[in-house]
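Descriptive analysis of the structure
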Amino acid sequence: MAVHAEALMRSRYTAYVLKDEAYLRASWHSQTCPAELALENDIEWLGLKVHWHKPLDANHAEVAFTARYRQNGKIYRLQEHSRFVCEQGRWLYWDARA
């Protein structure tokens, strides 16, 4: 179990690397989790940089990061500002703003 939102975000990045859909769903808030996840087999994740982790209160936090990946020979960057909630002592991914 993640001790704060940044730890959850890092573990979710690892789950994307490993294509662990079960973990991604388990760590996603049920109100915002999509019906289908598109975990593409041709993506190679190259690295993660956390820019900041900002606790808003005891149950809400935000994390900004950049993840790099390669797809079809091209390198891309995914920049995201993610929001997290803590329910019953468990951090969950809520949503993101690009």
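Within every chain, residues take consecutive numbers counted from 1 along the sequence as written. In view of the model being predicted, local features appear only for residues whose pLDDT reaches at least 70, and side-chain atom pairs are presented and counted only at 80 or more, with totals across whole chains, interfaces and linings using the full set of residues. Side-chain figures throughout are based on the complete set of non-hydrogen atoms in the structure, without hydrogens or water.

Description of the overall build of the protein chain
What counts here: Under the scheme used here, helices are H or I runs from DSSP no shorter than 4 residues and strands are E runs no shorter than 2 residues, and both carry numbers assigned from the N terminus. To get the radius of gyration, use the C-alpha atoms; to get the globule rule, take the number of residues to the power 0.38 and multiply by 2.2 Å. A simple rule labels every residue: compare its accessible area, found with a 1.4 Å probe on the protein chains alone, to the largest value its type can have, and call it buried under 20%, exposed over 50%, or partly exposed in between.
Counting secondary structure elements, the protein chain contains two helices and four strands. Counted from the first residue to the last, the protein chain has its helices and strands arranged as α-α-β-β-β-β. Taking 13 Å as the expected radius of gyration for a compact globule of 98 residues, we find that the protein chain reaches 13 Å, a close match to that expectation. Each of the three principal axes of the protein chain carries a C-alpha extent, and together these read 40 × 30 × 20 Å. The buried share of the protein chain, taken over its 98 residues, is 36%.

Digging into the nonpolar core
Defined as follows: Among buried residues, the Ala, Val, Leu, Ile, Met, Phe, Trp, Tyr and Cys ones that are joined through side-chain atoms within 4.5 Å form a nonpolar core.
Core analysis: the largest hydrophobic core is formed by 21 residues, its most contacted members being Ala 5, Met 9, Trp 45, Val 63, Phe 84 and Trp 91. Looking at this core, the elements that each hand over two or more residues are α1 (5-18), β1 (43-57), β2 (60-71), β3 (74-87) and β4 (90-97).

Remarks on the packing of aromatic side chains
Selection rule: A pair of Phe, Tyr and Trp rings is counted when the ring centres sit within 6.5 Å of each other, with Trp represented by its six-membered ring. The angle between the planes then sorts it: under 30 degrees is stacked, over 60 is edge-to-face, the rest tilted. Any Lys NZ or Arg CZ found within 6 Å of a ring centre and within 35 degrees of that ring's normal is scored as a charge over the ring.
If you walk through the whole model with that rule in mind, you get six aromatic pairs. Ring centres of Tyr 16 and Trp 45 lie 6.2 Å apart, and the angle between their planes is 55°; this geometry places the pair in the tilted category. Taken together, the positions of Tyr 16 in helix α1 and Trp 45 in strand β1 put the pair 29 residues apart, joining distant regions of the chain. Residue class for Tyr 16 comes out partly exposed when judged on its relative accessible area of 26%. Ring centres of Tyr 69 and Tyr 76 lie 5.4 Å apart, and the angle between their planes is 25°; on these two criteria the pair is classed as stacked. Residue class for Tyr 76 comes out partly exposed when judged on its relative accessible area of 32%. Connected via pairs of aromatic rings, a cluster forms that spans Tyr 13, Tyr 16, Trp 45, Tyr 69 and Tyr 76. Above the ring of Trp 28, the side-chain terminus of Arg 12 is found at 4.7 Å from the ring centroid. We note Arg 12 situated over the ring of Tyr 93; from NZ or CZ to the ring centre the distance is 4.3 Å.

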